[in-house]
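# Architecture at a glance
Letter by letter, the chains look like this.
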Amino acid sequence: MSSLLQAYPKGFQVTSLTPLQPNFLHIFKIQPRAPRTPSSYYKPPSLFMSFPTSSNHKLLKMENPIWQNPHFFPLLLTCTFFLFPLQPSLSAGLQDDYIRQPPRKVVVAPHLRSKSDPQQVHASLAGKEYMRISWVTDEKDVASKVEYGKVSGKYEAMAVGNHTSYHYFFYSSGKIHHVKIGPLEPATTYYYRCGGHGPEFSFKTPPQTFPIEFVVVGDLGQTEWTASTLSHVDSKDYDVFLLPGDLSYADTQQPLWDSFGRLVEPYASRRPWMVTEGNHEIETFPIIYPHGFKAYNARWLMPYQESGSTSNLYYSFDVAGSHIIMLGSYTDFDEDSVQYKWLESDLRKVDRKKTPWVIVLLHAPWYNTNLAHKGEGESMRKAMEDLLYRARVDVVFAGHVHAYERFTRIYNNKADPCGPLYITIGDGGNREGLALMFENPTPEVSVYREPSFGHGRLRVVDESRAHWSWHRNNDSDSFVADEVWLQSLTTTKSCWHNTANTDGSKSKVHKDEL
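Structure report, in brief. (Residues numbered from 1 in each chain as written. Predicted model: local features only at pLDDT ≥ 70, side-chain atom pairs only at ≥ 80, totals over all residues. Heavy atoms only, no water.)

## Considerations on the pattern of salt bridges
The cut-off we apply is this: Should a side-chain nitrogen of Lys or Arg be within 4 Å of a carboxyl oxygen of Asp or Glu, the pair is scored as a salt bridge. Put simply, DSSP marks the helices as runs of H or I at least four residues long and the strands as runs of E at least two long, and each gets a number from the N terminus on.
What the rule picks out here adds up to 18 salt bridges. For Glu 306, the salt bridge is made with Arg 132, and the minimal N-O distance between the two is 3.2 Å. On the criterion of sequence distance, the pair formed by Glu 306 in the loop between α5 (294–299) and β18 (315–319) and Arg 132 in strand β6 (residues 131–137) is long-range, its members being 174 residues apart. Two residues, Arg 459 and Glu 213, come together in a salt bridge whose shortest N-O distance is 3.3 Å. Linking Arg 459 in strand β26 (residues 454–460) with Glu 213 in strand β15 (residues 212–216), this pair joins segments that are 246 residues apart in sequence. It is possible to trace a salt-bridge network through shared partners that takes in Arg 132, Lys 180 and Glu 306.

## Focus: the pairing of strand β5 (residues 119–125)
This is how it is decided: Exposed residues in this analysis have more than 50% of their type's maximum accessible area, buried residues have under 20%, and partly exposed residues fall in between, with area computed by a 1.4 Å probe over protein chains only. Whether two strands pair depends on DSSP finding at least two bridges between them.
Within β5, seven of the seven residues are buried, which leaves it mostly tucked inside the rest of the structure. The hairpin turn running from β5 into β6, its antiparallel successor, is five residues long, and Gly 127 in that turn takes a positive phi close to 100°.

## Quick word on a nonpolar patch on the surface
Which entries qualify depends on this criterion: Exposure above 30% relative accessible area and the absence of a salt bridge qualify a residue for a patch, where like charges join within 9 Å and nonpolar side chains (Val, Leu, Ile, Met, Phe, Trp, Tyr) within 5 Å. Using a 1.4 Å probe, the Shrake-Rupley method yields the accessible areas, and only the shown protein chains count as cover for residues.
On the surface, Phe 169, Phe 170, Phe 285, Ile 287 and Ile 288 cluster together into a nonpolar patch covering about 640 Å² of accessible area. Relative to the assigned elements, Ile 287 resides in the loop between β17 (273–276) and α5. The exposure class assigned to Ile 287 is exposed, which follows from its relative accessible area of 79%.

## Some remarks on the pairing of strand β13 (residues 189–194)
The side chains of a regular strand alternate between both faces of the sheet. Of the two faces of β13, the one holding Tyr 190, Tyr 192 and Cys 194 is buried and the one holding Thr 189, Tyr 191 and Arg 193 is not buried anywhere. With four bridges joining them, strand β7 (residues 145–149) and β13 adopt antiparallel strand pairing. Looking across to β13, one finds that Tyr 148 is bridged to Tyr 192. In terms of strand pairing, β13 meets strand β14 (residues 201–204) through four bridges, oriented antiparallel. Residue pairing in the sheet places Tyr 190 in a bridge with Phe 203 of β14. Joining the antiparallel neighbours β13 and β14 is a turn of six residues, in which Gly 195 adopts a positive phi near 70°.

This is the structure we're talking about:
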């Protein structure tokens, strides 16, 4: 056992399944430091036995040797697996002195306000100079109105919106309010009150021009790691929060949607949160709920109508010289789909003089060297990659894989200086644990990869430069583990000679920056 721990001091944990006692030979449970989903990761067999070694013990006899015990060969197989590992490696680019922390338990945020007071308050962008305030009340008679102003306690304006609610089997939601307020001034703090009841909240609008800073967090969940991630995010100011899918991990347990809303409220009520759906938002049930996204669409209303979309599952918005596109990995996306035609039209409308940066978010990554969810985004990539390449999209963020990975600029599975930079950041704090298994050797297009919890920041400095950094959750601290300067493809003149060329040939451009 000691040799096994010395061979793998960081990747695995050994747990005694019975209290340790003297003169006993104990069998331990050997497992990776993070749990895995059955479809994506290897799980060694669990062993729940200990054998007494005392010569006075009558239960262990020589006529019944240990190798005849049914657990002996699974143990032997497990030890062999770890002593002679398969080809995939655990990580790449990880610091030698870093010990990856195990997953942490789910955090349930209680409801501590009255039935008429707002809870689960969050803000989102809703068109130029407008914000949408969303919240929930248990009391059905509360008005869907927001009072707001630039001075605390003095509300010079008021807007009225609408409300909705939904049922999911025996669960009935509260009254879900959505109110669009504005016009608002850029880079300005506003104070507001929801429904005429409860506490005062405040938010700051994004700037009108560069610089602007985005926080990017995927697969957030509601665990102690989630709380750590959000605390690290909040330790430094930012303008807009981007979440590429998998929010609450409710997975049909509707009260967890309420708990998630309360958990993120201190952050989502102060900065706009822009989200797209992941697989954990689907929540379908045969015949009864065949279409899915019932809770997600009711609670997290995004500006899809403002962007010309017909579905809350995909939309776009402009903010401070950046055009952000949120795509839906779990709705139709082939060339005949409504989403494809909307994306084609949306990209055609982008004025790169006004919005030189184009950023795309989706859930299932198109490029991925982790064994988790390998190839799940491939059909969407084949359908839509040409659209993004011809439009010279700068960056594509994805989640789904519970690890961090940064690629170089890619098109059609090859490095291409005119393709988007692809980043997987599905490491916000989910309850399922980390995706530890990567392909080995590392493909050339993969620049940095690491299975740790964390968050990312994209600071767009001006029309040509942006700085990306990934911050690992190193227990109570946040550590910048990866960073790179990006050059906007808008300013890369050689990439615009022939934007219709999609045969995979490389454009000639200097690679002094990505």
